[in-house]
Number of protein chains: 4
Amino acid sequence: MIFASDNWTGASDAVMAALTRHNSGMAPAYGGDPLTESVTKRFSEVFEREVAVFFVTTGTAANSLALSAYAKPGGAIFCHDEAHVLVDECNAPEFFTSGMKLVALKGPEGKFTPASLRTALAALPEGVVHHGRPAAVTITQATEAGTVYGLDEIRAISDVATKRGIALHMDGARFANALVHLDVSPADMTWRAGVDVLSFGATKNGCWCAEAVVFFNKDDAEGFGYLRKRGGQLLSKSRFAAAQFEGYFENGNWLELARHANAMAARLADGIHASESGRLAWVPQANEVFPVFKREKFAELNAAGAIMHEWPAKNLGADETLARMVTSFRTTRDEVEAFLSLL
Amino acid sequence: MIFASDNWTGASDAVMAALTRHNSGMAPAYGGDPLTESVTKRFSEVFEREVAVFFVTTGTAANSLALSAYAKPGGAIFCHDEAHVLVDECNAPEFFTSGMKLVALKGPEGKFTPASLRTALAALPEGVVHHGRPAAVTITQATEAGTVYGLDEIRAISDVATKRGIALHMDGARFANALVHLDVSPADMTWRAGVDVLSFGATKNGCWCAEAVVFFNKDDAEGFGYLRKRGGQLLSKSRFAAAQFEGYFENGNWLELARHANAMAARLADGIHASESGRLAWVPQANEVFPVFKREKFAELNAAGAIMHEWPAKNLGADETLARMVTSFRTTRDEVEAFLSLL
Amino acid sequence: MIFASDNWTGASDAVMAALTRHNSGMAPAYGGDPLTESVTKRFSEVFEREVAVFFVTTGTAANSLALSAYAKPGGAIFCHDEAHVLVDECNAPEFFTSGMKLVALKGPEGKFTPASLRTALAALPEGVVHHGRPAAVTITQATEAGTVYGLDEIRAISDVATKRGIALHMDGARFANALVHLDVSPADMTWRAGVDVLSFGATKNGCWCAEAVVFFNKDDAEGFGYLRKRGGQLLSKSRFAAAQFEGYFENGNWLELARHANAMAARLADGIHASESGRLAWVPQANEVFPVFKREKFAELNAAGAIMHEWPAKNLGADETLARMVTSFRTTRDEVEAFLSLL
Amino acid sequence: MIFASDNWTGASDAVMAALTRHNSGMAPAYGGDPLTESVTKRFSEVFEREVAVFFVTTGTAANSLALSAYAKPGGAIFCHDEAHVLVDECNAPEFFTSGMKLVALKGPEGKFTPASLRTALAALPEGVVHHGRPAAVTITQATEAGTVYGLDEIRAISDVATKRGIALHMDGARFANALVHLDVSPADMTWRAGVDVLSFGATKNGCWCAEAVVFFNKDDAEGFGYLRKRGGQLLSKSRFAAAQFEGYFENGNWLELARHANAMAARLADGIHASESGRLAWVPQANEVFPVFKREKFAELNAAGAIMHEWPAKNLGADETLARMVTSFRTTRDEVEAFLSLL
């Protein structure tokens, strides 16, 4: 009963098969190989638009490098106050952007609103060097709270960003999980909704080590090859990443895996909601469930073999704790039911 | 007949098998898994000393992060003027060290001498803030010229560094190739010769994407976990790197592959030396051969299917060019002979 | 009636006299001159302890460089959410520390409490690289709200910092104003209360361009000469800064000027409090007064020649605005009375 | 007999008078004052073109910030191998440009040639991310060797830079000395010869602490206000810098002082050349003389009160040393003659 994280998984069968399939022989290094080329094209198909794609090895690198493409001296990046870039990346975004500031916006269930962004932007009036200036906005999709921004919500945030002339970045560490929840196309959830650059996460949902920075406007990608190389993220054996993405996209594999993970989360949530032992802090929309348990119950579940993290929370009873339960393509129905039977 | 680079290879059979073997099931992320633990121990056995090991994904990241562990404001890093860190890493070392300076030392066949280091150090007298101050020395083993520092040479450089109180880093992108050339132990070629920190390269010689920063003094590694995470190099699925290293070290696999690559280079060199079509710029010691061809001949070899890079060179005839030919664990005897038959 | 800022002043008579006095002749550059030496000693007398003193040219440089002496990869600096380092320095602290994060602590009247610091520290548990780690705490004395931390308050914050093993920095842009308010010694308000490093501001209170970074533990200053030079803050004509400080300290000049500025602020505050046209947002303790006016009244005062800034505020009536009025050594009693007569 | 450096001087009478003149009263901070405005206009007159001017406090800051306006990830800055930015600024250029690399070009008497620049540029072919890419060229005028680039030489270097699409920066720490040597206009020596940005040094030649970054193309200056503020170089009391420049430019004061300094250097050089005790390493063109003395003689001169630095040199006799003698607006004819009488 492992609900600790979706990055406790290995690679999916399709990904592993692709890696094996492309292992033999020789191929040009540093992205000059035909597989990298074909997979890059595949990205453009997936997003229904010619995109600039850069493979990197971690989500932190994807986010930090993507944001660094929009770096300005004195620049501010606006994000949710629970955003991974803010609380889980050890200042990598600040480092890769040569000292930009992350400005935290509050909002329930992992989302901030256009209004909160507007207020924060207003605090940095044009031309006042003391305060710095806006540089980018970043949202996480699905959010750190396992919720999903609707297309209208993304568009509304994008409108505010565009009005101020700054870019919108999407941290898509759980892109597929959000996508299948909304049941829209990758294009709909990104550039059609005003997203300029995407950290396309594939590791959690079936790869070993494959993330991509996807620019929807090729101009924004100018110089990014240097940023990636300077950032230590240019793979010599690029086909190693390309192969994973090939397997990932094959036959809708990625969507199927995400659907499974989400379904497991939904089942978990239903079971917890129906139980007397726990309650949902909010309704999950992707592959993360945040139930509130009595501390005693939480300990009991742990003892019974349920692996999950406690999560920072506010407004709980003194004897309560918030748990984060993450499902993945490897979560089995049996695991879920076994867990629910403990409640 | 591909002699372009050893990073045109895929993963060795042993590495691929290990990846497959460890793919199933769930394991804690970010290095908390048992496989990472056991492979980390394996490193200590390999180096006959308790070492601090940090997996990263590229050689550039390994070098830059390793050097950043010794960063000082105003600091200088001394390296050969053909060093990868200087000419092939797009300022990553400067970036990761927040602006340290790489000071280039000259020397034939990819090596600099203790004397040249001493002279360069003397130009930065203690306490003169204008000029900055020494921070680290780095050597590449095997060198960018396919030669290998002898243990005495390493020790002599280390002595100069130690006298000035600065660290010695070894860029071991082709560590195994140097090791089997010298036929010494990993310990002999590193800490016993005065090396403080090593970029242990495994990608070129059989992995997909596996490099490690190895500290021989645990104190030097204090805080390195933060440097790696801030640098976007902490793998979520750490066992993916660990598995590769497991396969790499298994049954002396890594040494065997390196021996093969070196033998292929030696055969190439012998054949070229014996031919009338080319001459060796210098005697190769690892898996890189640098022959001088007439430009016409070079074009002819290319046309016949020999893939190799032209390399920057001095003191050649106007109608000559320097080629770099790299062999790998995948180079076959047939390929070599086919090439030699063209000469 | 200029209450815009204390940095609208020029230099005090004593400072100007000292500059003139030391202008003739030749003196070693970069701090090797006898005047720099003697003024450095003067600092040690002023602080009753051997201190390491480094002249710099702006408050932003002083703060950023001082904090950079305690920089750690992934490090966090804790400050008040209205702190100058956070909102008025265009990311200079982030830049000079190679990407540290400023963590904002809330608290009324420009001060945060030990408890809020403790909570923020607890969110960065030891050894969790994702979240980063604490590196320093900074308080502003007098605060951006014109209030002053009492010695007990400083000590309490220092205790929390010390317990976690991190340094306490004081931004003393208005050090003298705080000092004369508390009527304690410089030593009492700094190292005796647990302050490790001070940005000693002299520009606002009588210099042209003279700030100093003062380390109370010489070990902390090791390497700071390089940080300053790398930061573009090593003055060639060091005696130019030294002369200003000489004039500043002469005959208690600095304290006298600060007392005057504070007295003018107190008179302003009394008058506003007694008036029917405004109210004090809080009681001023140094040389800044924050009155709340009806917007209409504020416009009227402006029109009548009162120069002052509007300030960000919460919880005001819709027709109200918060003003910031700063007094200085150049504020005259007549100016103050003229202003009060408008109320 | 002080020939140590021109920054051993104080401020000229005109500069001191201007500082005193503008000391009284109140003026807006951070460059919003009328004096900063009028002096900024004065710069445009001096350069016969509308320029963007930013005051800073040190030459190192001027150079580093100016270059940072042209920073590119993976970027290279080409300079002479004795350039101040390379050897005397403690990595400030690397730091302020977030890790750009300074590429040293050799050349006699402090100057590099267009050909050497062309060769160095060729080593960084377009689009090869490994090697990085050209970002800027910088020349020092007058050079560190006390020589002066002719207008044709500047233009030739500029042509090479322009062809590659990179900017030309001039480190004008001794701008006035070069200008009066060439007897051309400031416009001729800068933008008319292809210079894009200038570090306009005034400190050595008569100010206390006044340097300016001057952009000849306003577009290049976009965002520079943020760079300066982030760099800790935005003066609160901007009129303090403005006043110095006012005095500096007044009645051709700056040119007169530079002419005097150069004349003193020329007299020194003539005397040394005519003597039997020393020889000129090369012919001085500005206010620095580089004589070669026997070591014994050098010691004797020192003992007799002549203050001057020994300078790094090649190709000297074992018993010889190279001295650097700098004259300034404060050097007196008597000093020079007293020195020459020792030869």
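Reading guide: rules and limits
- Per chain, residues are indexed from 1 in the order of the written sequence.
- Both sets of labels track the order of writing: A upward for chains, 1 upward for ligands.
- Where local features are concerned, this predicted model is filtered to residues with pLDDT of at least 70; where side-chain atom pairs are given and counted, the filter is 80 or more; whole-chain, interface and lining totals use all residues.
- Side-chain numbers here rest on the full set of heavy atoms in the structure, without hydrogens or water.
- UniProt positions are given in the numbering used here, feature names are shortened, and annotations may be inferred rather than shown by experiment.
- A least-squares fit on C-alpha atoms brings the copies together, and the residues used are those whose pLDDT is at least 70 in both copies.
- In what follows, residue pairs with any heavy atoms lying within 4.5 Å of each other are defined as contacts.
- A fitted line through C-alpha atoms serves as each axis, taken over the contacting stretch for helices, and the angle formed by two N-to-C directions is quoted from 0 to 180°.
- Secondary structure is summarised from DSSP: a helix means a run of H or I of at least four residues, a strand means a run of E of at least two, and numbering begins at the N terminus for each.
- With respect to orientation, any angle under 35 degrees is reported as roughly parallel, any angle over 145 as roughly antiparallel, any angle of 65 to 115 as roughly perpendicular, and every other angle as oblique.
- By convention the crossing between two helices is left-handed if the near helix lies anticlockwise of the far one by an angle smaller than a right angle, and right-handed if it lies clockwise.
- For each domain, the first and last residues come from an automatic or database assignment.
- Two parts placed together each lose some accessible area under a 1.4 Å probe, and the buried area is that loss summed for both.
- Here, a salt bridge means any Lys or Arg side-chain nitrogen found within 4 Å of an Asp or Glu carboxyl oxygen.
- Whenever a nitrogen or oxygen atom comes within 3.5 Å of another N or O atom, the pair is scored as a polar contact, on the condition that within protein one atom can donate a hydrogen and the other can accept it, and that pairs from neighbouring residues in sequence are kept only if both atoms are in side chains.
- Lys, Arg, Asp and Glu make up the charged group, whereas Ala, Val, Leu, Ile, Met, Phe, Trp, Tyr, Cys and Pro make up the nonpolar group; the residues left over, Gly among them, are polar.
- Aromatic rings from Phe, Tyr and Trp, with only the six-membered ring used for Trp, were paired whenever their centres fell within 6.5 Å, and each pair was classed as stacked if the ring planes differed by under 30 degrees, edge-to-face if by over 60, and tilted otherwise.
- When accessible area is computed with a 1.4 Å probe and restricted to protein chains, residues below 20% of their type maximum are described as buried, those above 50% as exposed, and intermediate ones as partly exposed.

- The name an unreviewed UniProt entry gives chain A is L-threonine aldolase, with Stappia sediminis as the organism.
- UniProt's Sequence similarities (unreviewed entry) comment on chain A is quoted here verbatim: "Belongs to the threonine aldolase family."
- UniProt, in its Cofactor (unreviewed entry) section for chain A, records the words "pyridoxal 5'-phosphate".

### Some words on the relation of the copies chain A and chain B
Right, so step 1: In screw terms, the move from chain A to chain B is a rotation of 180 degrees and a rise of 0.0 Å along the axis, fitting with an RMSD of 0.0 Å. Taken together, these values place the two copies in the relation of a two-fold axis.
Right, so step 2: Here 100% of the interface residues in chain A have copies in chain B that are interface residues too; the copies meet face to matching face.

### What to know about the relation of the copies chain C and chain D
Right, so step 1: Turning chain C through 180 degrees and shifting it by 0.0 Å along the axis lays it on chain D, with an RMSD of 0.0 Å.
Right, so step 2: Of all interface residues in chain C, 100% are interface residues in chain D too; the two copies therefore contact each other through one and the same surface.

### Points about the packing of helix 12 (residues 253–274) of chain D against helix 14 (residues 333–340) of chain D
Residues and elements named next belong to chain D.
Right, so step 1: Here helix 12 crosses helix 14 at 15 degrees, and the two axes come no closer than 10 Å. As far as their axial angle goes, helix 14 and helix 12 are roughly parallel. Note that helix 12 runs across helix 14; the crossing there is right-handed. Counting all contacts with helix 12, which are made through Met264, Arg267, Leu268, Gly271 and Ile272, the residues of helix 14 involved are Arg333, Val336, Glu337, Phe339 and Leu340.

### Some thoughts on the domain arrangement of chain A
All names here are of chain A.
Right, so step 1: Assigned domains within chain A: domain 1 (12–251) and domain 2 (253–342).
Right, so step 2: For domain 1 and domain 2, the distance between their C-alpha centroids amounts to 27 Å.
Right, so step 3: Each partner contributes to the interface: domain 1 provides 29 residues, whereas domain 2 provides 19 residues.
Right, so step 4: The junction of domain 1 with domain 2 conceals about 1,900 Å² of combined surface from both sides, 54% of it contributed by carbon and sulfur atoms.
Right, so step 5: Considering only the surface of domain 1 that becomes buried against domain 2, Arg174, Asn177 and Val180 emerge as the three largest contributors, covering 24% of it.
Right, so step 6: Seen at the junction of domain 1 and domain 2, the total is 1 salt bridge.
Right, so step 7: The partner of Glu288 in a salt bridge is Arg174, with the nearest N and O atoms 3.4 Å apart.
Right, so step 8: Across the domain 1-domain 2 interface, the total number found is 11 residue pairs in polar contact (both at pLDDT 80 or more).
Right, so step 9: With 6 residues, the top contributor of residues to the side of domain 1 that touches domain 2 is helix 8 (residues 175–182).
Right, so step 10: Tallied by class, residues from the side of domain 1 that touches domain 2 come to 13 nonpolar, 10 polar and 6 charged.

### Comments concerning the interface of chain C and chain D
Right, so step 1: Taken together, the contact between chain C and chain D spans 52 residues of the former and 52 residues of the latter.
Right, so step 2: Carbon and sulfur atoms supply 63% of the area that chain C and chain D bury against each other, a total of about 4,300 Å² over both sides.
Right, so step 3: In this structure, the connection of chain C to chain D is made through 31 residue pairs in polar contact (both at pLDDT 80 or more).
Right, so step 4: Grouping the amino acids of the side of chain C that touches chain D by side-chain chemistry returns 22 nonpolar, 21 polar and 9 charged.

### Notes on the packing of aromatic side chains
Right, so step 1: Counted under the stated rule, the structure contains 126 aromatic pairs over all chains.
Right, so step 2: Ring geometry for B:Phe47 and B:Phe175: centres 5.9 Å apart, planes at 55 degrees, overall tilted. Of this pair, B:Phe47 sits in the loop between helix 2 (34–46) and strand 1 (52–56) while B:Phe175 sits in helix 8 (residues 175–182); the two residues are 128 residues apart in sequence, bridging distant segments of the chain.
Right, so step 3: You can call B:Phe175 buried: its relative accessible area is 0%.
Right, so step 4: Ring centres of B:Phe175 and B:Phe200 lie 5.4 Å apart, and the angle between their planes is 55 degrees; this geometry places the pair in the tilted category. Note that B:Phe175 is positioned in helix 8 and B:Phe200 in strand 6 (residues 197–201), a separation of 25 residues in sequence. Neither residue differs from the other here; B:Phe175 and B:Phe200 are each classed as buried.
Right, so step 5: An aromatic cluster of at least three residues, connected via ring pairs, comprises A:Phe43, A:Phe47, A:Phe55, A:Phe175, A:Phe200, A:Phe216, A:Phe245, A:Tyr248, A:Phe249 and A:Trp254.

### Things to note about the interface of chain A and chain B
Right, so step 1: Between chain A and chain B, the contact holds 52 residues from the first and 52 residues from the second.
Right, so step 2: Regarding the contact of chain A and chain B, the summed buried area is about 4,300 Å², with carbon and sulfur atoms giving 63% of it.
Right, so step 3: Broken down by secondary-structure element, the contributors of at least two residues to the side of chain A that touches chain B are helix 1 (13–21), helix 3 (59–68), helix 5 (92–96), helix 10 (224–230) and helix 11 (238–249) of chain A.
Right, so step 4: Classifying every residue of the side of chain A that touches chain B by side-chain character gives 22 nonpolar, 21 polar and 9 charged.

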